Amino acid sequence: MNREKYNQKQEGQIVDMLTPRCEVKPSADLKDRILEAAASQAQAATTPVRKPRRMVYFMRAAVSMAAVVAVAVVVMFNTPATAARRLLADAVVAANNAKTMILELNVRTEPNETFEFISPECHFVPTTVKVIYGEPSMWRLEKQGGRVALYDGGDKSYQWISSQHQGWVHNGGMFAEADLAAFINPQQLLNMELNIARERKVAKYHKYEVTTIGDWVNVKISATAQGDFADSKLMLNTSIAESNTIRNYSFDRQSGRLLNMSIDVVMPNKEQITIVESGAILYDEPLTAEDIVGADFSTVEFVAVDDTPKGISALVDVSAEKAAKTILAAISDWDSSILNTALFGLTPMMKYTVRTIYEGMEILSVGKSFTSGLYPGRFVKCKVRLADGQNEEVVLALRNDNTNKVWVLDGGL
C-alpha cells in the first residue's frame, strides 16, 4: 500500500478534515484538481464521540519581533496566501521523496479512545506514527498505553487496545480516523492544504501568515470549524475538523521538508489551546517490518469488522428516537437478537462491560434526536435508572448510514 496507491476515499477524508463546511460547497472542478494533485490513498473507518484535539511543538526561541522577517516574505511572494501555496508545493515534493518516517506527536486525548477523539480538557498522550513507504507501504499508529492501529502491507488492517488484548481486523489498508490518517502520509496533508490555498472560494475561510526565522519558514493557517452546530454544539471542539483551529507548519528553507507542526483550538472565549504538537519528525531512519508490527501483535485476539450490519426490522425504517428506545430495552433484557446488530462494532470485552453496567436498567425518558458537527448520525439524550437504583443520563450516538440503513449504537454509553 504505497503512497501512490492510497485510494481516493482517504483523500476525501482529509479534504473533509481540512475544508470548512460553513455553507461552502466546493465545486466538482475543485475535487478534480485535488484528485489530480494528490496521490491516491486508502480507506478509513471513523468513529464519533467526545471532545479532544491538538498539535503544536512550536519554536520557543527567544527572538525579538525584529527577527521575524514577515515583511521580506510578503515583498518576495506578494501575499501570504501566495507564499503559503509556494511553500506547501515545495513541501509536497520534499515529502514525496521520503523512504521512511517516524513522527512523534503529543495529542490531547484519552489513550483508549479513537484516534479521531481529542479534547482541550484532556492531558497530552504521546502518540507515535511509523511508516515505511514502498511496495507495499506499512504503518503503525500508537497511543502510549492505549489504542494501536496497524497495516502490515497485506489486505487487512488492525486496531486494538493494548491493555485489553482484544481488537478489530478490517478489510483494506486503512483503519485510522480521518484526523490522524493524514499524518501517516504528511504529503497528503500538505497537498490538501495546498489545494485549499489554491481554491479561492474555500481559501477565503482561511487566513494565512508566512514568516521566516533563520533557516525555518513558518506557515500559520487559521480556519473555521466544519459542520452544522445549529441544533447543538455537542461536537464542537471534539475533533480537529470540528474546531476553530490555528495550524502551524515549519519547513526547512533549503530542503522544503516539514520540520514541525502544531494545531491549536480556539475556544469560545478566544483562548488558544494546543491539542496536537509534533516532537521529532525523522525521515529515512532504518525501519523494518518487525518495527511496524511489534511484539504485542501476536498477543491480541481480533474480531472481524463487518462494515454492513445485518438489517433487522426493529432497527430499520424507524426514527432515531424509536431506535434508541429499542436498543436500550434490548440492553436491559440483553436481547441478543437485536444487540448482535445494534452493538456489532464492539469487542466481546466491550459488550461484557455494557452488560455489566446496564443490564436490568429502566428507561425513564427518551429525548428528541438532534445533530451536531460532522457526525453522520443523530444524538439522543436519554435518562435511565440502573439496576442498583442510580439514575444516569446518556447521550446515545446512533447512525444508519450503512447499506442496510439499520440503526446501530456508535457511542454514548
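Because the structure is a prediction, the values reported are computed rather than measured. By convention here, each chain's residues receive numbers from 1 onward along its written sequence. pLDDT decides what is reported in this predicted model: residues at 70 or higher carry local features, side-chain atom pairs at 80 or more are listed and counted, and totals for whole chains, interfaces and linings draw on all residues regardless. The basis for the side-chain values is all heavy atoms of the structure; hydrogens and waters are excluded.

J.: Sorry, what's going on with the overall build of the protein chain here?
T.: Regarding its fold elements, the protein chain presents eleven helices and 19 strands. A separation of at least 24 residues holds for 66% of the contacts in the protein chain among residues at least 6 apart in sequence. Accessible area of the protein chain: about 18,400 Å², with a carbon and sulfur share of 50%. Helix and strand definitions here come from DSSP, where helices need a minimum of 4 consecutive H or I residues and strands a minimum of 2 consecutive E residues; each element is numbered from the N-terminal end. Between two residues, a contact is recorded if the distance between any of their heavy atoms is within 4.5 Å. Using a 1.4 Å probe, accessible areas were evaluated by the Shrake-Rupley method; residue-level cover was limited to the displayed protein chains.

J.: Would you mind showing me how to read the confidence of the model for the protein chain here?
T.: Low-pLDDT stretches of the model should not have their predicted coordinates read in fine detail. Overall, the predicted model of the protein chain reaches an average pLDDT of 77, with 73% of residues at or above 70. This stretch, residues 1-78, has a pLDDT under 50; its non-local contacts, to residues over four places away or in other chains, come to 250 contacts. The score called pLDDT rates the predictor's confidence residue by residue, from a low of 0 to a high of 100.

J.: Would you mind showing me how to read the sheet that holds strand β16 (residues 362-366) here?
T.: Strand pairs in the sheet, formed through backbone hydrogen bonds, run parallel or antiparallel to each other. The strand order β16-β17-β18-β19 describes an open sheet built from four strands, whose pairing is antiparallel. Of all strands in the sheet, those bounded by a partner on one side alone are β16 and β19 (408-411). Going across the sheet, the axis of each strand differs from the next one's by a mean of 45 degrees, ignoring polarity. The pairing of β16 with strand β17 (residues 378-385) spans four bridges and is classified as antiparallel. Residue pairing for β17: E362 is matched across the bridge by R385. All axes are obtained by fitting lines to C-alpha atoms, using only the stretch in contact for helices, and the reported angles, taken between N-to-C directions, cover 0 to 180 degrees. Relative to the sheet, helix α9 (residues 320-333) contacts β16, β17, β18 (391-399) and β19, its axis offset from that of β17 by approximately 40 degrees. A pair of strands counts as paired when DSSP detects no fewer than two bridges linking them.

J.: Please explain the pattern of salt bridges as it appears in this structure.
T.: When charged atoms on two side chains of opposite charge get close, those side chains can pair. Salt bridge, as used here: a side-chain nitrogen of Lys or Arg that lies within 4 Å of a carboxyl oxygen of Asp or Glu. The full count for this structure, using the stated rule, is eight salt bridges. Of the charged contacts in the structure, one is a salt bridge between E142 and R140, with a shortest N-O distance of 3.0 Å. For every residue, the accessible area (1.4 Å probe, protein chains only) is compared with the maximum for its type, and the residue is labelled buried under 20%, exposed over 50%, or partly exposed between those bounds. Its relative accessible area of 28% is what places E142 among the partly exposed residues. Residue classification places R140 among the buried positions, given a relative accessible area of 6%. Note that D284 is salt-bridged to R257, the shortest N-O span being 3.1 Å.

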